[in-house]
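What follows is each chain in one-letter form.
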Amino acid sequence: MRPDRQDRLNSKEYFDRISDRWDSIRSGFFSENLGKKAVDAASLSPGASVADIGAGSGFITEELLTRGHHVIAVDQSEKMLLALRTRVGDRGSIDCRVGEDRSLPVADSSVDAALANMFLHHVESPPDAIREMARIVKPGGRVVLSDLDEHTFEFLRTEQHDRWMGFKRDDIRRWFAEAGLIDISVTSAEETCCASSECGGETAKVTIFLAAGTKK
Ligand SMILES: C[S@@+](CC[C@H](N)C(=O)[O-])C[C@H]1O[C@@H](n2cnc3c(N)ncnc32)[C@H](O)[C@@H]1O
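Engineer: Account for the overall build of the chain, naming residues and giving values.
Structural biologist: When helices and strands are counted, the chain shows eight helices and seven strands. For a compact globule of 216 residues, the expected C-alpha radius of gyration is about 17 Å, and the chain comes in at 16 Å, within 12% of that figure. Taken along the three principal axes of its C-alpha coordinates, the chain extends 45 × 40 × 30 Å. Taken across its 216 residues, the chain has 46% of its residues classed as buried. For the chain, contacts bridging at least 24 residues in sequence account for 67% of all contacts bridging at least 6.

Right under this line is the structure:
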């Protein structure tokens, strides 16, 4: 499904604007367990270095820091990264970098894993974003994505700035393979994203997939 929406705000402006409210908005969407499952899927050794892409206010970053990993948090929105800093305080080792999906500010083959939760449906080219995540991971390292299965809730695009209405798991599998990843799994996260429209009372319940692959 191609994006055809006329944006009033661009994506960065939208996330800048909601940065101080994102934590409370997100907590109504999906459970904290999703972050734990995503981090589990990365099969990290103690003290691993991990990039959290589209980190937002730190949903995944916080779980990584709690487990003692070193985090590079990347987001297009400086305001989101400020919210992340406020949330995690001086807990653990964290390096916040402003950057975009097409050119992540992280060196080639430099991190043990790259994770992204609810990031892919915001980018212009999902296959390119996956390729870019694979670029920064060391050989043997993991790329992990959690995101929405394909859905039909148009209000998520018009009200919440989603660009893609979820994904087919076969597409995700193919894009992982095209990015040079192996040992690919795309399974149900056994979590649901629930969101209500601000106009008209429609409620979306969308299943969430968890995708993981290893760099050759
Ligand atoms: C739906 S939020 C998810 C935030 C966080 N991962 C979470 O689970 O709470 C999407 C985040 O991705 C960031 N983002 C969207 N498009 C991006 C892009 N093209 N490059 C970098 N960051 C992007 C947004 O600024 C936002 O913080």
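Engineer: Please provide a residue-by-residue account of the packing of helix α6 (residues 126-136) against helix α8 (residues 169-178), values included.
Structural biologist: Any two packed helices are characterised by how steeply their axes cross, that is the angle between the axes, and by the distance between the axes. Between α6 and α8, whose axes approach to 9 Å, the crossing angle comes to 45°. Looking at the two axes, α6 sits oblique to α8. Here α6 and α8 pass one another in a crossing that is right-handed. Contacts between α6 and α8 pair P126, P127 and I130 from the former with W175, F176 and E178 from the latter. Partitioning the contact of α6 with α8 into residue classes produces five nonpolar, no polar and one charged.

Engineer: Residue-level account of the site of the ligand, with values.
Structural biologist: By nearness alone, 19 residues border the ligand, and F15, G54, G56, F59 and Q76 come closest of all. Breaking the shell around the ligand down by element, the ones donating at least two residues are α1 (11-18) and α4 (59-66). Residues that form the shell around the ligand fall into these classes: eight nonpolar, seven polar and four charged.

Engineer: Account for α8, with residues named and values stated.
Structural biologist: Those residues of α8 lying buried are I172, W175 and F176. One side of α8 carries all its buried residues, which in axial view fall inside an arc of 100°. Seen from the open side of α8, the exposed residues pointing more than 90 degrees away from its buried face are D170 and E178. Of the surrounding elements, those touching the buried residues of α8 are α6, β6 (181-196) and β7 (203-215).

Engineer: Let's hear about unusual backbone geometry: which residues, and what values?
Structural biologist: Of note, H161 is a non-glycine position whose phi angle comes to about 65°, a positive value. Its place among the elements puts H161 in the loop between α7 (155-158) and α8. A positive phi angle, close to 55°, is found at E190, a residue other than glycine. Within the fold, E190 resides in strand β6. Classification of E190 as exposed rests on a count of 11 C-beta atoms within 10 Å.

Engineer: Explain the nonpolar core to me, and be specific about the residues and the numbers.
Structural biologist: Ranked by internal contacts, the top residues of the largest apolar core, which has 70 residues, are V50, I53, A113, A114, L115 and M133. In contact with A113, not counting residues within four places along its chain, are A42, L44, A48, V50, V137, G141, R142 and V144.

Engineer: Can you break down the environment of F176 residue by residue, with the values?
Structural biologist: Looking at where F176 falls in the secondary structure, it is placed in helix α8. For the pair F176 and T152, spaced 24 residues apart in the sequence, the C-alpha separation amounts to 24 Å. If we skip the residues at most four places from it in the chain, F176 touches I130, L181, I184, A211 and G213.

Engineer: Can you lay out the pairing of strand β1 (residues 49-53) for me, pointing to particular residues and giving the numbers?
Structural biologist: Of all five residues making up β1, four are buried, and the element is well covered by its neighbours. The pairing of β1 with strand β2 (residues 70-75) spans five bridges and is classified as parallel. By the bridge assignment for β2, I53 is matched with V74. After leaving β1, the chain enters α4 and then returns to the sheet as β2, a path that is right-handed. With three bridges joining them, β1 and strand β4 (residues 111-117) adopt parallel strand pairing. Looking at the pairing, A51 lines up with A114 of β4.

Engineer: Would you mind going over the confidence of the model for the chain in detail, with residue names and values included?
Structural biologist: Put simply, the chain has an average pLDDT of 94, and 96% of its residues get 70 or more. Contacts from residues 1-7, a stretch scored under 50 in pLDDT, to residues over four places away or in other chains number six contacts.

Reading the values: the criteria
Residues numbered from 1 in each chain as written. Predicted model: local features only at pLDDT ≥ 70, side-chain atom pairs only at ≥ 80, totals over all residues. Helix = DSSP H or I, 4+ residues; strand = E, 2+ residues; numbered from the N terminus. Rg over C-alpha atoms; globule rule 2.2 N^0.38 Å. Buried ≥ 20, exposed ≤ 12 C-beta atoms within 10 Å, placed from the backbone. Contact = placed C-beta atoms within 7 Å. Axes fitted to C-alpha atoms, helices over the stretch in contact; angles between N-to-C directions. Parallel < 35°, antiparallel > 145°, perpendicular 65-115°, else oblique. Left-handed = near helix turned anticlockwise from the far one by under 90°. Nonpolar A, V, L, I, M, F, W, Y, C, P; charged D, E, K, R; others polar. Near = placed C-beta within 6 Å. Arc of directions from axis to C-beta. Core = buried A, V, L, I, M, F, W, Y, C linked by C-beta atoms within 7 Å. Pairing = 2+ DSSP bridges. Right-handed = clockwise from strand over helix to strand, strands pointing away. pLDDT = per-residue confidence, 0-100.

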